[in-house]
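# Structure at a glance
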Amino acid sequence: MLILEGKYVVQPNKKLAIYAEGKTLPAGTLESDIEALQKNCQGQGRCDVQVNTQHGIMRGTLIEKKPYKFSGWHFEGHLAFPPKA
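The text that follows walks through the structure, step by step, so that each part is easy to find.

Reading guide: rules and limits
- Residues numbered from 1 in each chain as written.
- Predicted model: local features only at pLDDT ≥ 70, side-chain atom pairs only at ≥ 80, totals over all residues.
- Heavy atoms only, no water.
- Salt bridge = Lys/Arg side-chain N within 4 Å of Asp/Glu carboxyl O.
- Helix = DSSP H or I, 4+ residues; strand = E, 2+ residues; numbered from the N terminus.
- Buried < 20%, exposed > 50% of the residue type's maximum accessible area, 1.4 Å probe, protein only.
- Polar contact = N/O pair within 3.5 Å; in protein donor to acceptor, adjacent residues only side chain to side chain.
- Pairing = 2+ DSSP bridges.
- Core = buried A, V, L, I, M, F, W, Y, C linked by side-chain atoms within 4.5 Å.
- Contact = heavy atoms within 4.5 Å.
- Lys, Arg positive; Asp, Glu negative; His and termini not counted.

Quick look at the pattern of salt bridges now. Taken as a whole and judged by the stated rule, the model has 2 salt bridges. With a closest N to O distance of 3.9 Å, Glu 76 and Lys 15 form a salt bridge. A residue pair is termed long-range when its members are at least 10 positions apart, and Glu 76 in strand E5 (residues 74-80) and Lys 15 in strand E2 (residues 15-19) qualify at 61 residues. By relative accessible area, which is 25% here, Lys 15 ends up partly exposed. What emerges from the salt-bridge pattern is a single network uniting Lys 15, Lys 65 and Glu 76.

Turning our attention to the environment of Asn 13. Its location among the elements puts Asn 13 in the loop between strand E1 (2-8) and E2. Its relative accessible area of 46% is what places Asn 13 among the partly exposed residues. Of note is the side chain of Asn 13, whose polar atom sits 3.1 Å from the backbone nitrogen of Lys 15.

Regular strands place side chains that alternate from one sheet face to the opposite one. As judged from the 4 bridges shared by E1 and strand E3 (residues 46-53), these two strands associate in the parallel manner. Following the sheet pairing, Tyr 8 is matched in E3 by Thr 53. As defined by bridge partners, E3 adjoins strand E4 (residues 56-65) across 8 bridges and the pair is classed as antiparallel. Across the sheet, Cys 47 pairs through a bridge with Leu 62, a residue of E4. In this structure, the hairpin formed by E3 and E4 is closed by a connection of 2 residues.

Judged by nonpolar contacts, the single largest core of 19 residues is most densely connected at Leu 2, Leu 4, Leu 16, Ile 18, Leu 37 and Val 49. Contributing elements (two or more residues each) for this core: E1, E2, helix H1 (31-41), E3, E4 and E5. When residues of this core are assigned to their parent elements, the largest contribution, 4 residues, is made by H1. Filtering out sequence-adjacent residues up to four positions away, Leu 37 remains in contact with Leu 2, Leu 4, Ile 18, Gln 42, Val 49, Leu 62 and Phe 75.

As for its position among the elements, Asp 33 is in helix H1. Nearest to the buried, unbridged Asp 33 among oppositely charged side chains is Lys 7, at 12 Å. Within polar-contact distance, the side chain of Asp 33 engages the backbone nitrogen of Gly 6 at 2.8 Å. What Asp 33 contacts, discounting residues up to four positions off in sequence, is Leu 4, Glu 5, Gly 6 and Tyr 8.

Set out below in structure tokens:
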């Protein structure tokens, strides 16, 4: 599981998208997280992650999305809270 260090904002449906292309990174996104995603996930097309969100720590699987005509390269997926111990 890849642990990302940035602070990300998930949508109400618990969807997270991390965009790696553009002139500036979105707020809370770290360059080191982008590099880790590229290194660990691009070959497989998906990656299990743990991220810090506005609701606390969440886990899920991010899937690589190739650039299309109007969107850049990014990872997206749905997150959930980890089970309580």
